[in-house]
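Overview (structure and organization)
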Amino acid sequence: MRFIKGHGTENDFVILPDPEGALDLTAEAAARLCDRHAGIGADGVLRVVRTKVSGEPAVEGLAAEWFMDYRNADGSIAEMCGNGVRVFARYLVDAGLAEPGEWDVATRAGLRRVTIGASGDVRVEMNRPVCLGEGEATVAGETLRGVRVSMGNPHLACPVDRPLAELDLCHAPGFDPAVFPDGVNVEFFRLVGERHVEMRVYERGSGETRSCGTGTVAVAVAAALGGSAPDGASALPTGEWTVDVPGGRVTVSLEDGTSFLTGPAVLVAEGETRSDWL
Ligand SMILES: N[C@@H](CCC[C@H](N)C(=O)O)C(=O)O
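Definitions and limits used
The written sequence of each chain sets the order in which its residues are numbered from 1. In keeping with the model being predicted, local features are shown solely for residues with a pLDDT of at least 70 and side-chain atom pairs are shown and tallied solely at 80 or more, while totals for entire chains, interfaces and linings include all residues. Strands here are runs of E lasting at least two residues and helices are runs of H or I lasting at least four, both read from the DSSP assignment and numbered beginning at the N terminus. By the convention adopted here, residues are in contact when the distance between their C-beta atoms, placed from the backbone, does not exceed 7 Å. UniProt positions are given in the numbering used here, feature names are shortened, and annotations may be inferred rather than shown by experiment. Put plainly, a residue is buried at 20 or more neighbouring C-beta atoms within 10 Å of its own, exposed at 12 or fewer, and partly exposed in between, counting only other residues' C-beta atoms, which are placed from the backbone. We define a nonpolar core as a collection of buried residues of the types Ala, Val, Leu, Ile, Met, Phe, Trp, Tyr and Cys that are connected via C-beta atoms lying within 7 Å of each other. Residue ranges for the domains originate in an automatic or database domain assignment. Any residue whose backbone-placed C-beta atom lies within 6 Å of a molecule or strand is treated as near that molecule or strand. Under the grouping applied here, Gly and all other residues not named as nonpolar or charged are polar, the nonpolar ones being Ala, Val, Leu, Ile, Met, Phe, Trp, Tyr, Cys and Pro and the charged ones Asp, Glu, Lys and Arg.

Quick look at the overall build of the protein
For the protein, the helix and strand inventory stands at three helices and 17 strands. Here the C-alpha coordinates of the protein stretch approximately 50 × 40 × 30 Å along the principal axes. Residue pairs in contact within the protein that sit at least 24 positions apart in sequence constitute 64% of those at least 6 positions apart.

Examining the UniProt feature "active site" (unreviewed entry) in the protein
Per the UniProt annotation, the sites labelled "active site" (unreviewed entry) are C81 and C212. Despite a sequence span of 132 residues, these residues sit close together in the fold, their greatest C-alpha distance being 7.5 Å. Mapped onto the elements of the fold, C81 is located in the loop between β4 (66-72) and α2 (82-94). Excluding anything up to four places from it in sequence, C81 contacts G44, Y70, G213 and T214. One can find C212 in the loop between β13 (207-209) and α3 (213-224).

A closer look at unusual backbone geometry
One non-glycine residue, E10, lies in positive phi territory at about 65°. As for its position among the elements, E10 is in the loop between β1 (2-8) and β2 (11-17). A positive phi angle, near 45°, is found at A140, a position not held by glycine. Residue position: A140 is located in the loop between β8 (130-139) and β9 (142-150). On the basis of neighbour count, A140 is assigned to the exposed category, with 12 C-beta atoms found within 10 Å.

Quick look at the nonpolar core
F88, A89, V219 and V221 are the most contacted members of the largest nonpolar core, which has 74 residues in total. Split by domain, the residues of this core number at least three in each of domain 1 (2-125 + 264-271) and domain 2 (130-262). When sequence neighbours within four positions are dropped, the list of residues in contact with V221 reads P129, C131, V147, V149, L236 and L254.

Notes on the environment of R190
Here R190 shows up in strand β11 (residues 185-193). The spacing of R190 and V252 is 62 residues in sequence and 16 Å in space, taken between C-alpha atoms. Apart from residues no more than four positions distant in its own chain, R190 is found in contact with V160, D161, L164, V197 and E198.

Re the site of the ligand
A78, N83, N153, G213 and T214 are the nearest of the 19 residues found near the ligand. If you list the elements that add at least two residues to the shell around the ligand, you get α2 and α3. Split by residue class, the shell around the ligand holds three nonpolar, 14 polar and two charged. Residues lining the shell around the ligand come from more than one domain, with at least three contributed by each of domain 1 (2-125 + 264-271) and domain 2 (130-262).

Following this line, the structure appears as C-alpha cells:
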C-alpha cells in the first residue's frame, strides 16, 4: 500500500491515496499504521478518495471532487481535522490531482474551502464555530471549566492561569459522557499577549498531540469570549488570533458567521508498506 507521511504544526498523518475507493481501511489497519513503535507512526490517517466513489453517506451529494476520510490513531472516525485538511490539500496539489487556487474538500462535517498556492501555508475556511455553553474536564484530580465548541467535531477549550507545561496529560482528561456523548477533544489555553494564546490538547482517539487545528479555532473562540460561554445565542466575537501549539504556530481569523485557519502543511516522506505486514 502506497503512503505519504506529512504534518501540519507537527500534527502528523499517514496519507493513503485511494482515488477509486478500492481500499478497505479497517479501524484495525488505521491503528496499525499509526502505531509509533510497530507501524509508520502518526496521530491519524487521511484517506484520499474521490467523493463520488467513497461510499460515505455523510458526503453523499457534496460538490467536491475529493473526500478527506479521516481516522484517529486508535482507528476511530472523526468528522473533521483542521491540520489534516491542509495536509490533504497540499498532497493533492503536490500529486497533480488539484491545481493551486481555491476549492472545496468534502469532510464528514461538510465542505471546507481551501486556499492553496504552489508552496507555503494553506488557508482553510473552518465555517461557523458553534458555542454550546460551558463544560468541565478533570485533569489529575483537578476540575477545569471551559467552553464547549463544535467545529464539526466536539471540543472543550479550558482557560488555565499557570504554565501549560505543569498540566499532567499522561492520562485522558475525565469528562461527563452525558455532556459529551461522542467524546471530546480537550484544549488547555493561556493568554500570552494581545489576541495571542498558547495551547495544549488531548485529542479524542489520539491522545496528546502537538497540535489540533479544529482545537485552535475552538480556543480562539473561547479566548475571545474571555473563557466563559455567553448566555443565549449571542453573536461570537470577531478578530484575528495567533495560537501557539507545541508543534508551531497557526493563525485563526474569527469572522461574521465563519472562521479561517492558516498554517503550514508539510509532506516529508513516501513509501510502500510491505504486503506481508498490514
Ligand atoms: N487533529 C485534528 C483533529 C482530529 C480529530 C479529533 N481527534 C476528533 O476525534 O475529533 C485537527 O487538526 O483538527
